[in-house]
Amino acid sequence: MIEVRGLTKTYRVPVRPPGLGGALRSLWSREHREVHAVADLSFTIRPGERVGFLGPTGAGKTTTLKMLSGLLYPSSGEVSVLGHVPQAREPAFLQQITLVMGQKQQLLWDLPAAESFELNRALYGVERAEFRRTLDELVAMLHAEPLLEKPVRNLSLGERMKCELIASLVHRPQVLFLDEPTIGLDVEMQVQVRQFVAELNRQTGATVLLTSHYMQDIAALTPRLLIIDQGRLRYDGSLDDLTRRVAPERRVVVQAVVPELEALGLVAHEGRMVATVPAAEANALLQRVLAVAPLVELGVEVPPLDEVIGRVFREGRA
Amino acid sequence: MSRPAPLGSGTAARLWHVVRAWPALQQVAFSGMVAYRAEMVIWVLSATLPLVMLALWSAAAADAPIGGWDQLGFTRYFAVNLIVRQLTGAWVVWELNWQIRQGELSPRLLRPMHPLVFNLAETLAALPFRALVLFPLVGVLAVWRPEALFLPSPSVGAAFLLSVAMAFFAAWSVQAAFGMLAFWFEQSMGFWSAWFAVWALCAGYFVPLDLFPAGWVQLVRALPFYSTLGAPIDILLGRVAIGPTLAVQAFWVVALGAGLGLMWRAGVRRYGAVGA
């Protein structure tokens with residue numbers, strides 16, 4: 001389905017010292033430096049998988065998505081998506097994929113979103129009856145009926161993203177590249193987009209490759225993670241495995257402050273008491289807490305995903 | 001739930017896809033024109049320089065003809081100039097420049113049809129607006145100088161229409177090529193300004209090419225500038241041989257189209273999809 005072998009993208013960017021001197025020098029001698037946005041990346045994604053693509057800003061996530069969708073030519077390496085070489089941008093390939101960019105839109109700004117949908121219907125060669133059916137389904141799933149006839153410029157950011165998703169999906173793509181689809185959206189809209197993507201994957205079996213800075217997107221949508229940093233793949237596996245490997249400890253949390261529990265190593269914090277212990281010792285500690293304070297409400301927490309990912313980037317552990 | 005029938009990659013399949021999609025492209029492009037109607041009228045009016053040139057040259061020829069051109073000759077020349085200029089006008093150079101520099105080309109590149117096809121549809125969708133502004137202007141000219149009205153023979157009329165069509169494609173290709181320079185240069189519109197200055201002189205926009213020194217006329221008529229404007233004017237006014245003029249235009253349409261294709265392929269390889 002998606003095969004990536006040794007994928008590399010190197011940009012040659014001009015550099016110029018600041019100030020008037022730098023500006024004058026650049027007139028006759030322009031300096032460049034090479035930026036390795038993606039370096040020797042390899043992975044495989046099976047049909048129907050939902051995969052989260054994570055990495056800090058500038059890690060190479062968007063560059064990789066652009067190469068997978070055919071927008072950018074790789075410097076070296078091989079990519080195959082649905083059996084096609086993306087950068088050839090054959091119509092039969094483009095007809096089966098979509099790239100949703102949270103920070104760029106394809107909607108026609110001064111026209112109602114319905115015009116953009118009609119344009120895409122024609123460009124993707126979708127029959128009218130099929131288009132009507134697909135559009136009705138997508139509009140219903142995203143509760144977007146009131147938005148269709150408003151000029152795009154009059155829609156809120158969240159409303160625009162709903163219409164952007166519809167425009168990107170009228171041709172029923174088999175592969176969805178989603179680049180920060182929830183960026184800037186309020187919490188409720190983020191939840192709606194997540195539910196929509198999950199439902200779409202369930203209904204159509206489409207493969208989803210998602211980048212997001214919101215860990216809730218990843219936790220809710222993508223059982224498999226690809227973590228990339230400085231253009232290199234740092235982790236490829238499930239979220240659970242990552243948590244076990246990177247953050248093997250658990251937090252035992254008591255929803256009250258009981259001074260006697262300090263002896264067991266719990267520390268009072270904002271009306272709760274918390275102790276961080278190796279996962280294997282969490283149950284034993286729970287028993288000891290209950291022995292001391294049998295009526296307290298208590299639980300065991302896995303470290304938040306943000307923290308786990310943060311450790312991968314900070315400590316290079318995965 | 002079914003997916004659309006796969007689109008072919010061959011030239012014939014791509015053309016057939018464009019033909020099938022064209023009505024929808026035109027309808028959406030026209031909706032865009034309607035949304036920008038006020039700007040459109042201003043744009044169209046900005047290309048009425050031939051009327052200014054008509055006033056200037058008419059005044060200059062008030063006492064005696066200039067190089068064989070009298071007031072009636074200038075009136076006909078610049079009236080046809082205005083019509084051809086409107087029918088061959090485009091703004092694809094600005095559109096492409098903006099889309100490439102801002103990364104807005106990215107969503108267009110991801111659709112299974114060449115992005116320039118929609119640019120072309122947008123240009124053609126503006127024609128009704130251009131006609132809307134053009135008719136009253138030509139009407140005023142007809143009232144002012146009724147003796148300038150003339151009816152070409154059917155063969156000359158047909159040659160004129162063919163020549164306008166080729167001028168349109170040549171002019172559009174040149175604009176698209178300059179727009180594509182944004183693949184390589186950050187401030188590519190400077191090149192367009194330089195081209196426009198030379199074009200206005202060598203295409204016959206400011207002055208009929210007959211008024212150039214005799215040795216220059218044939219050379220300038222062989223250059224691409226003339227094929228984008230002056231050729232159809234001179235064909236309609238019967239000032240050039242139709243066959244050779246159409247042949248030169250056809251050459252430039254093919255050459256510019258081929259050049260555009262090469263530039264596009266090279267430019268897209270360079271495209272950084274900035275900010276997208």
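> What is the right way to look at the overall build of chain A in this model?
Looking only at helices and strands, chain A features 11 helices and 13 strands. In terms of overall dimensions, chain A has a C-alpha envelope of 70 × 60 × 40 Å along the principal axes. Relative to its full complement of 318 residues, chain A shows a buried share of 40%.

> Whenever I open this one, the sheet that holds strand β13 (residues 298-301) of chain A confuses me. Can you help?
Backbone-to-backbone hydrogen bonds pair the strands of a sheet. The strands run either parallel or antiparallel. All names here are of chain A. Taken in spatial order, the 4 strands of this open sheet run β11-β12-β10-β13, and their pairing is antiparallel. The sheet is open, and its two edges are formed by β11 (267-269) and β13, each paired on a single side. In this sheet, neighbouring strand axes are inclined to one another by 30 degrees on average, regardless of whether the strands run parallel or antiparallel. Note that β11 and strand β12 (residues 272-278) share 3 bridges and pair antiparallel. By the bridge assignment, V267 is partnered in β12 with V274. Packed onto the sheet, helix α10 (residues 282-292) meets β10 (249-254), β12 and β13 and runs at close to 15 degrees relative to β10.

> What is the right way to look at the packing of helix α1 (residues 11-35) of chain B against helix α7 (residues 115-125) of chain B in this model?
The geometry of a pair of packed helices is captured by two quantities: the angle between their axes and the separation between those axes. All names here are of chain B. α7 packs onto α1 with a crossing angle of 55 degrees between their chain directions and a minimal axis gap of 8 Å. Here α7 runs oblique to α1, going by the angle between their axes. Where α1 crosses over α7, the handedness of that crossing is right-handed. Across from V18, L25, Q26, A29, F30, G32 and M33 in α1, the residues of α7 making contact are V117, F118, A121, E122, L124 and A125. By residue class, the composition of the contact of α1 with α7 is 10 nonpolar, 2 polar and 1 charged.

> What's the story with the nonpolar core in this structure? I'm lost.
With 135 residues, the main nonpolar core has I166, V170, F177, V208 and L209 of chain A together with A167 and A170 of chain B as its most contacted residues. Once you skip the residues sitting within four places of it in the chain, A167 of chain B turns out to touch V84, T88, S227, T228, L229, A231, P232 and Q249 of chain B.

> Please explain the domain arrangement of chain A as it appears in this structure.
A common measure of how large an interface is: the accessible area buried when the components associate. We note that the domain assignment places domain 1 (45-243) and domain 2 (248-301) within chain A. Measuring from the centre of the C-alpha atoms in domain 1 of chain A to the corresponding centre in domain 2 of chain A gives 42 Å.

> Would you mind going over the environment of S227 of chain B with me for this structure?
Residues and elements named next belong to chain B. With respect to the secondary-structure elements, S227 resides in helix α12 (residues 224-227). The exposure class assigned to S227 is buried, which follows from the 29 C-beta atoms found within 10 Å. Between the alpha carbons of S227 and W252 there is a distance of 7.2 Å; along the sequence they are 25 residues apart. If near-sequence neighbours (up to four positions away) are discounted, S227 is found in contact with M166, A167, A170, V248, Q249 and W252.

> What's the story with the sheet that holds strand β7 (residues 207-211) of chain A in this structure? I'm lost.
Residues and elements named next belong to chain A. Pairing is mixed in the open sheet, where 6 strands are placed in the order β5-β6-β7-β3-β8-β9. Of all strands in the sheet, those with a lone pairing partner are β5 (97-101) and β9 (232-238), marking the two edges. The mean inter-strand angle of the sheet, taken between neighbouring strand axes irrespective of direction, is 15 degrees. Packing of helix α9 (residues 239-246) onto the sheet brings it into contact with β8 (224-229) and β9, and relative to β9 it is tilted by some 110 degrees.

> I'm lost on the interface of chain B and chain A in this one. Help?
Counting residues at the interface gives 29 residues for chain B, matched by 32 residues for chain A. Mapped onto the side of chain B that touches chain A, the elements with two or more residues apiece are α1 and α6 (105-109) of chain B. For the side of chain B that touches chain A, the element with the most residues is α1 of chain B, which contributes 9 residues.

> Mind showing me how you'd approach the environment of D217 of chain A here?
All names here are of chain A. Here D217 shows up in helix α8 (residues 215-221). Separated by 37 residues in sequence, D217 and E180 place their C-alpha atoms 9.4 Å apart. Once residues within four sequence positions are removed from consideration, D217 is found in contact with T182, R194, L210 and S212.

> Quick question: what am I supposed to make of α7 of chain B here?
It helps to recall that an α-helix has 3.6 residues per turn; residues three or four apart then point in one direction. What α7 of chain B keeps buried is the set F118, N119, L120, A121, E122, T123 and A125 of chain B. Its buried side turned inward, α7 of chain B meets α1, α5 (92-102), α6 and α9 (154-180) of chain B.

> What is the right way to look at the pairing of strand β1 (residues 2-15) of chain A in this model?
Taken residue by residue, a regular strand's side chains alternate between the two faces of the sheet. Residue and element names in this part refer to chain A. Sheet topology places β1 next to strand β4 (residues 76-81); 5 bridges connect them, and they run antiparallel. Of the residues in β4, the one forming a bridge with E3 is S80. Pairing geometry for β1 and strand β2 (residues 31-45), over 11 bridges, is antiparallel. Paired with Y11 across the bridge in β2 is V35.

Each value, and the rule that gives it
Residues numbered from 1 in each chain as written. Chains lettered and ligands numbered in written order. Predicted model: local features only at pLDDT ≥ 70, side-chain atom pairs only at ≥ 80, totals over all residues. Helix = DSSP H or I, 4+ residues; strand = E, 2+ residues; numbered from the N terminus. Buried ≥ 20, exposed ≤ 12 C-beta atoms within 10 Å, placed from the backbone. Pairing = 2+ DSSP bridges. Axes fitted to C-alpha atoms, helices over the stretch in contact; angles between N-to-C directions. Contact = placed C-beta atoms within 7 Å. Parallel < 35°, antiparallel > 145°, perpendicular 65-115°, else oblique. Left-handed = near helix turned anticlockwise from the far one by under 90°. Nonpolar A, V, L, I, M, F, W, Y, C, P; charged D, E, K, R; others polar. Core = buried A, V, L, I, M, F, W, Y, C linked by C-beta atoms within 7 Å. Domains from an automatic or database assignment.

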